[in-house]
Amino acid sequence: MGCALSGPGVAPDKTVPEGQSSKADSEVIPGGVGRSRPQPEVPPITGAQRELIEGSWRILHEDIARVGIIMFIRLFETHPECKDVFFLFRDIDDLQQLKMSKELQAHGLRVMSFIEKSVARLGQEDKLEMLAFELGRSHYRYNAPPKYYEYVGVQFISAVKPILKERWTSEVQEAWESLFRYLTAVMKWGYNEEERTSGVNQTTYLQKSGSPVANTAQSSI
């Protein structure tokens, strides 16, 4: 399955070379011993905001397929450059054709699934953190940089306003914005950690293999 925010398909080859230990990865544990860097500071989600998110999600859940399509169409309308990380869609300029794309529908559902899992973990901070952190790590492997992450939350909110109608209040919007700020921050943390540990593993591999480019690789980290 493809990552949640980038395009479906085969990820670029950024894996640890065969035979190389992934010890650096195992040392990065959100909320646990061995964390290599502190968690990014993000505004906490209050108990009242959690209730607002959960209540509105119960309504939105009935339309998640439609929300996923609307969200991505608006994302491509407002930020056409985002299609660069969706190799299945990057050459499709007709938005109506995109609306009918089964691949885009499937990908929209994957994003909705991630949001659903996030809502379900609002009362379990460690699990929510791990979910977003691991998604950020996978986005490095799928070559989807952090600059795109915050766009998704903005377009999600834009897509669900008309569905909730009078139920959409400034408090509901602030609650969802807080959740997406949190998810975006932790995903960026996961992306940066995967980038860093991949660089460390690659340098170690080059040094052990005696490659003449080992020093160059090390100096670029």
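Fair warning: this is a prediction, and the values are worked out from it, not measured in the lab.

Caption draft 1: Representation of the pattern of salt bridges within the structure. Scanning the model with the defined rule gives 7 salt bridges in all. With a closest N to O distance of 3.9 Å, Lys188 and Glu150 form a salt bridge. Linking Lys188 in helix H8 (residues 170-209) with Glu150 in helix H7 (residues 149-164), this pair joins segments that are 38 residues apart in sequence. A network of salt bridges, in which partner residues are shared, links Glu134, Arg137, Arg141 and Glu194.

Caption draft 2: Layout of the packing of helix H2 (residues 47-60) against H7. At a closest axis distance of 11 Å, the pairing of H2 and H7 adopts a crossing angle of 75°. The orientation of H2 with respect to H7, classified from their angle, is roughly perpendicular. Contacts from Ser56, Trp57, Ile59 and Leu60 in H2 reach Phe156, Val160, Ile163 and Leu164 in H7. Looking at the contact of H2 with H7 residue by residue, the classes come out as 7 nonpolar, 1 polar and no charged.

Caption draft 3: Summary view of the confidence of the model for the chain. Residues at a pLDDT of 70 or more form 67% of the chain, whose mean pLDDT is 75. Below a pLDDT of 50 lies the segment residues 201-209, which in the model reaches 20 contacts outside its immediate sequence neighbourhood of four places, other chains included. Low pLDDT (under 50) marks residues 211-221, which in the prediction has 12 contacts with non-local residues, meaning those over four places away or in another chain.

What counts as what
Residues numbered from 1 in each chain as written. Predicted model: local features only at pLDDT ≥ 70, side-chain atom pairs only at ≥ 80, totals over all residues. Heavy atoms only, no water. Salt bridge = Lys/Arg side-chain N within 4 Å of Asp/Glu carboxyl O. Helix = DSSP H or I, 4+ residues; strand = E, 2+ residues; numbered from the N terminus. Axes fitted to C-alpha atoms, helices over the stretch in contact; angles between N-to-C directions. Parallel < 35°, antiparallel > 145°, perpendicular 65-115°, else oblique. Contact = heavy atoms within 4.5 Å. Nonpolar A, V, L, I, M, F, W, Y, C, P; charged D, E, K, R; others polar. pLDDT = per-residue confidence, 0-100.

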